[in-house]
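Notes for the structure review
Chain by chain, the residues:
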Amino acid sequence: MTDLISKADSSTPAAKLWIPEQVMFTPAALNEPWGQKIFERLQSLNLPIKELTSNRLTGLRGENERETYNIAKRTLAIVTAPPSQFKLSPIPPSADWQFHIAEGCPAHCQYCYLAGSLSGPPVIRTYANLPQILENLSNYEKPEKLTTYEVSCYTDPLGIEHLTGSLAECIRYFGTRSNANLRWVSKFDAVDSLLNLPHNGHTQCRISVNAAPISGRFEGGTASVASRLKALRKLADSGYQVGLVIAPIMPIDDWQIQYSRLFDLISEALDYNCALTFELISHRFTPGSKEVLQSWYPHSKLDMDEEKRRIKRNKFGGIKYVYDADTNNSMKQFFEAEIQNRFPNANILYWT
Ligand code: SF4
């Protein structure tokens, strides 16, 4: 463990790698060759490993929601992906399909979008049957068109990469595919193990960033925005496609000034003409995600006042709270103008 930390410190001084307090393996995970690889990796780091007797994760509940959260966020469980994960879902506008190599994230963002998508204690689970997960992807490809896959819907894959190696395995796999691209996004910065992989230009790496008052106040346990941008530059220099996700965008006090400063940082980090994409996501929440987030972060100052929001319905009747049209439009115009002025060759993939 000491080696891992000191190595990380010398290459990326601003960030700390997450080290779980407990690691659990299910019997099914230990039966998988990729599970064995993760086992060896974790054993070499001297992490305390518990081999479970059943494939169910138990013993992770505390006396209240807050305690359960704390236990879960310090636990890494190596499990097998259930059969339902082999039926992929589309994920517009980010990619054609989403697939999962893990669920949960060691960071503590007070707006975390996982609060609305995952159920139960937010334990960090990673999948031991990765080769089967990857093999299944070709069933969704079409010979005549590029197919894109998003791997960061249920996790921050870079946040646990030092413990699993699974993101690197995905990148290697996509490097061998002629008509498929991988997309991932992170708020971490430990990219050194990815720089020399045979990616063949088939992976797009994005870093999620935000204005300083938001990242400083709401993004516990992540790398600093400056370190994330430094990491993105390293990935770009290694020939990866790169992009930025600015999310969740909020109309905080002086938001134009604060986001201009963020664009200054981006310009400094990527001070050459690279093919950059931007994905712009304004803050939203659902009744369900608000309830979960308030139990995880009861003292948070995150603004989730329904009175100040507009309701947006999806086709299944679910609702989310978004900014009113005027606020939304003025932010959208500001971001689009800043990007066009500063990065004329960048491609804005979407504003939502
Ligand atoms: S880094 Fe992403 S997944 Fe992790 S806690 Fe923050 S918002 Fe959630």
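Rules of the game
- Residues numbered from 1 in each chain as written.
- Predicted model: local features only at pLDDT ≥ 70, side-chain atom pairs only at ≥ 80, totals over all residues.
- Heavy atoms only, no water.
- Helix = DSSP H or I, 4+ residues; strand = E, 2+ residues; numbered from the N terminus.
- Buried < 20%, exposed > 50% of the residue type's maximum accessible area, 1.4 Å probe, protein only.
- Contact = heavy atoms within 4.5 Å.
- Axes fitted to C-alpha atoms, helices over the stretch in contact; angles between N-to-C directions.
- Parallel < 35°, antiparallel > 145°, perpendicular 65-115°, else oblique.
- Left-handed = near helix turned anticlockwise from the far one by under 90°.
- Nonpolar A, V, L, I, M, F, W, Y, C, P; charged D, E, K, R; others polar.
- pLDDT = per-residue confidence, 0-100.
- Phe/Tyr/Trp six-rings, centres within 6.5 Å; stacked < 30°, edge-to-face > 60°.

Bringing the side chain of Ser282 into the picture now. For Ser282, the position within the fold is in strand E14 (residues 276–282). Given the relative accessible area of 2%, Ser282 is considered buried. Aside from chain neighbours lying at most four places away, what touches Ser282 is Pro248, Ile249, Tyr323, Asn328, Met331, Trp351 and Thr352.

With their axes 11 Å apart at the nearest point, helix H11 (residues 255–269) and helix H13 (residues 325–342) run at an angle of 30° to one another. When the axis of H11 is compared with that of H13, the two are roughly parallel. For the crossing formed where H11 meets H13, the hand is right-handed. Across the interface between the two elements, Trp255, Gln256, Tyr259, Ser260, Phe263, Asp264 and Ser267 from H11 touch Ser330, Met331, Phe334, Phe335, Glu338, Ile339 and Arg342 from H13. Counted by class, the contact of H11 with H13 contains seven nonpolar, four polar and three charged residues.

This part is about the confidence of the model for the protein. The predicted coordinates should not be examined in detail at positions where pLDDT is low. Chain-level statistics for the protein give a pLDDT mean of 94 and a share of 96% at 70 or above. Every residue in residues 1–13 is under pLDDT 50, and counting partners more than four places away or in other chains gives 18 contacts.

Turning next to the packing of aromatic side chains. Centre distance and the angle of the planes are the two values used to describe a pair of aromatic rings. Scanning all chains against the criterion turns up 17 aromatic pairs. Ring centres 6.2 Å apart and planes at 25° place the aromatic pair Phe99 and Phe174 in the stacked group. Taken as a pair, Phe99 in the loop between strand E5 (95–98) and strand E6 (102–103) and Phe174 in helix H8 (residues 166–175) lie far apart in primary sequence, 75 residues in all. Measuring from ring centre to ring centre gives 4.9 Å for Tyr259 and Phe335, while their planes differ by 65°; the resulting arrangement is edge-to-face. Of the two residues, Tyr259 sits in helix H11 while Phe335 sits in helix H13, which places them 76 residues apart along the sequence. Across this residue pair, the class does not change: Tyr259 and Phe335 are buried.

A few words on unusual backbone geometry. The omega angle of the peptide bond from Pro92 to Pro93 is 0°, so this bond is cis rather than trans. Counting through the fold element by element, Pro93 comes out in the loop between strand E4 (89–91) and E5. Between Ala247 and Pro248 the backbone carries a cis peptide bond, its omega angle lying at -15°. Examined against the element boundaries, Pro248 turns out to sit in strand E13 (residues 241–249). Residues other than glycine seldom take positive phi values, yet Asn46 does so here, at roughly 60°.

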